[in-house]
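# Examining the three-dimensional arrangement
Chain by chain, the residues run as shown.
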Amino acid sequence: MKILVIGSGGREHALAWKLRQSEGVQAVYCVPGNAGAAIDASCIPGDILSLPEMANLAESLKVSFTVVGPEAPLAAGIVDAFAARGLAVVGPVRSAARLESSKIFAKEFMRQHRIPTADFAVLEKPADIDDHIGRFGFPVALKADGLAAGKGVVLAKNETEARATATTMLAGEVVGPAGRRLVVEQFLRGEETSFIVLTDGRDFCIFPPTQDHKAAFDNDQGPNTGGMGAYCDPDILTDEIRETVISRVVEPTLEGVRATGQPFQGFLYVGLMLTGDGPMVLEFNVRLGDPETQPLVHGMTGNLAQLLASAAEGRLDAGAGEWKAGKTTCVVLTSEGYPGSYPKGRIITGIDRAEACGAKVFHAGTRFHQGQIATAGGRVLGVTAGGDTLAESMENAYSAVKEIHFDGMHFRRDIGKKGLSRARL
């Protein structure tokens, strides 16, 4: 079996690493990959948004199937392009990918299918601000309709901040064209959780729950990022909540998409808020989360290649998805200034020492520079480690972090802390 992974982040390195370990895999390719993925796969340069180029590559490599990591190619219709050539691929078609590529479409879909979510209104022009900005009280969530790399959500504390944010977003000054239409949404209180399933369009395999940490600084302070770290712990959800999410969210979503005539195939990521009134959907993603993928695959014992191949072929083998007991923590190391502008080209040291501690270091924004590994993005590395308990996995991850250095390195020091609080209840 030969497999192509599309993308260049920590998620794609983690997938390549785990796929390479799967029985029956002859070769793993990654386009364009990064300095770490190059260790675990054959990296090939390419434009992942050029759909003909990607389809040509899959054909020339004669891969068994392709895994699409990031959202942008899915939103552009890469699965449709591959399907037109009879190429097996893990991911939803463009129409189903709108669950992520358009917040407005997703909210209206949830309303139509009675999926629990916060009340909302749509802002399309400055006059809508007067009509809707105070409708749900404060604080209030403002969300860009389009793809914004995890940076299109702003929690406004008061009316002044909400009006200013809405005005600048509608003008394209915050996240560009993605913010020219907005969702203004009732603020939900509770704890966030990522709930991910892999589906062939009808059957699905449930991945263990994870918890991402979006804010740049400790204690959930600072601007939203693409994710500063995550941990995987089955105890995040009770059996009762898990069954509620399946029956009230996952199944209605898959049924709703299936009713359009093009079933949802691939990863469905449900971003949940666990409120006093039960789990509510914050957002849908149509691919694996990053950094959630890193702790998920680190703790996986099943055959990932077999699992993904079966989904792509429409005959899901859920039994191939198995995880070891224990917990896993991933701490993301970022460049200074992230999620704003940041420097590149800073030499990274200590990765070998960190892995000698027992961690796995997944690369995100890295490249080779004169024979050394250097920074090339905002999120640089994901230091991932397991343990019998969450506390042990956190200690192992942070011990490995201490071995790594690059100028301006930043990371949160509280990844997993919420889980420890839960364990003491």
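Shown above is the structure to which this text applies.
Residues numbered from 1 in each chain as written. Predicted model: local features only at pLDDT ≥ 70, side-chain atom pairs only at ≥ 80, totals over all residues. Heavy atoms only, no water.

## Notes on the overall build of the protein chain
For the protein chain, the count of helices and strands is 15 helices and 22 strands. For the protein chain, whose C-alpha radius of gyration is 20 Å, the value lies close to the compact-globule estimate of 22 Å for 425 residues. Per-residue burial over the protein chain gives 57% buried out of 425 residues. Of the contacts made within the protein chain by residues no fewer than 6 positions apart, 67% connect residues no fewer than 24 positions apart. (Helix = DSSP H or I, 4+ residues; strand = E, 2+ residues; numbered from the N terminus. Rg over C-alpha atoms; globule rule 2.2 N^0.38 Å. Buried < 20%, exposed > 50% of the residue type's maximum accessible area, 1.4 Å probe, protein only. Contact = heavy atoms within 4.5 Å.)

## Thoughts on the pairing of strand β21 (residues 372-375)
With four bridges connecting them, strand β20 (residues 366-369) and β21 associate as antiparallel partners. Bridge pairing links Thr366 to Thr375 in β21. Connecting β20 to the next strand, β21, in antiparallel fashion are two residues, including Gln370 with a positive phi near 50 degrees. (Pairing = 2+ DSSP bridges.)

## A closer look at the pattern of salt bridges
One pass over the full model with this rule turns up 27 salt bridges. Residue Lys214 is joined to Asp212 by a salt bridge in which the shortest nitrogen-to-oxygen separation is 3.2 Å. Taking the relative accessible area as the measure of exposure, Lys214 reaches 26% and is therefore partly exposed. Here Glu355 and Lys360 are joined by a salt bridge, their closest N and O atoms 3.6 Å apart. Within this structure, Arg20, Asp40, Glu355 and Lys360 form a network of salt bridges that share partners. (Salt bridge = Lys/Arg side-chain N within 4 Å of Asp/Glu carboxyl O.)

## Thoughts on the environment of Gly377
Following the sequence through the fold, Gly377 ends up in the loop between β21 and β22 (379-387). Residue Gly377 is classed as buried on the basis of its relative accessible area of 8%. On a C-alpha basis, the gap between Gly377 and Asp407 in space is 13 Å, while along the polypeptide they are 30 residues apart. Among all residues touching Gly377, those that are not within four sequence positions of it are Ser335, Tyr342 and Gly365.

## Considerations on helix α10 (residues 239-258)
End to end, α10 covers 27 Å across 20 residues, agreeing with the expected 28 Å (1.5 Å per residue, within 8%). Where α10 bends most, the angle comes to about 35 degrees, and this point is Ile246. Listed as buried for α10 are Val245, Ile246, Val249, Val250, Pro252, Thr253, Leu254, Gly256 and Val257. On its buried face, α10 is in contact with α6 (94-101), α7 (103-112), β10 (191-199), β11 (204-206), β16 (266-275) and β17 (278-285). (Expected span 1.5 Å × (residues − 1). Bend = angle between axes of the 7 residues up to and from the residue.)

## Considering the packing of aromatic side chains
All chains considered together, the criterion is met by six aromatic pairs. When the ring of Trp17 is compared with that of Phe362, the centres are 5.2 Å apart and the planes differ by 75 degrees; the resulting orientation is edge-to-face. Of this pair, Trp17 sits in helix α1 (residues 10-21) while Phe362 sits in strand β19 (residues 360-363); the two residues are 345 residues apart in sequence, bridging distant segments of the chain. Both residues of the pair, Trp17 and Phe362, belong to the buried class. (Phe/Tyr/Trp six-rings, centres within 6.5 Å; stacked < 30°, edge-to-face > 60°.)

## Considerations on the environment of Glu124
Following the sequence through the fold, Glu124 ends up in the loop between β6 (120-123) and α8 (126-132). In this structure Glu124 comes out as partly exposed when scored by relative accessible area, which is 47%. Those residues within four positions of Glu124 in sequence are excluded, and the remaining contacts are Leu170, Arg180 and Arg181. Polar side-chain contacts of Glu124 include one of 2.9 Å to the side chain of Arg181. (Polar contact = N/O pair within 3.5 Å; in protein donor to acceptor, adjacent residues only side chain to side chain.)

## Some thoughts on the side chain of Asp290
Note on placement: Asp290 falls in the loop between β17 and α11 (293-298). In terms of polar contacts, Asp290 uses its side chain to reach the backbone amide nitrogen of Arg11, at 3.0 Å. At 3.1 Å, the side chain of Asp290 forms a polar contact with the side chain of Gln294. Among residues more than four places away in sequence, those in contact with Asp290 are Gly9, Gly10, Arg11, Gly226 and Arg379.

## Things to note about the pairing of strand β14 (residues 221-224)
Bridge count for strand β13 (residues 215-217) against β14 is two bridges, and the pairing is antiparallel. For Ala215, the partnering residue across the bridge sits in β14 and is Asn224. Once β13 ends, the chain turns through three residues before running back antiparallel as β14, passing Asn219 with a positive phi of about 60 degrees.

None of the figures reported here should be taken as evidence of function without further support.
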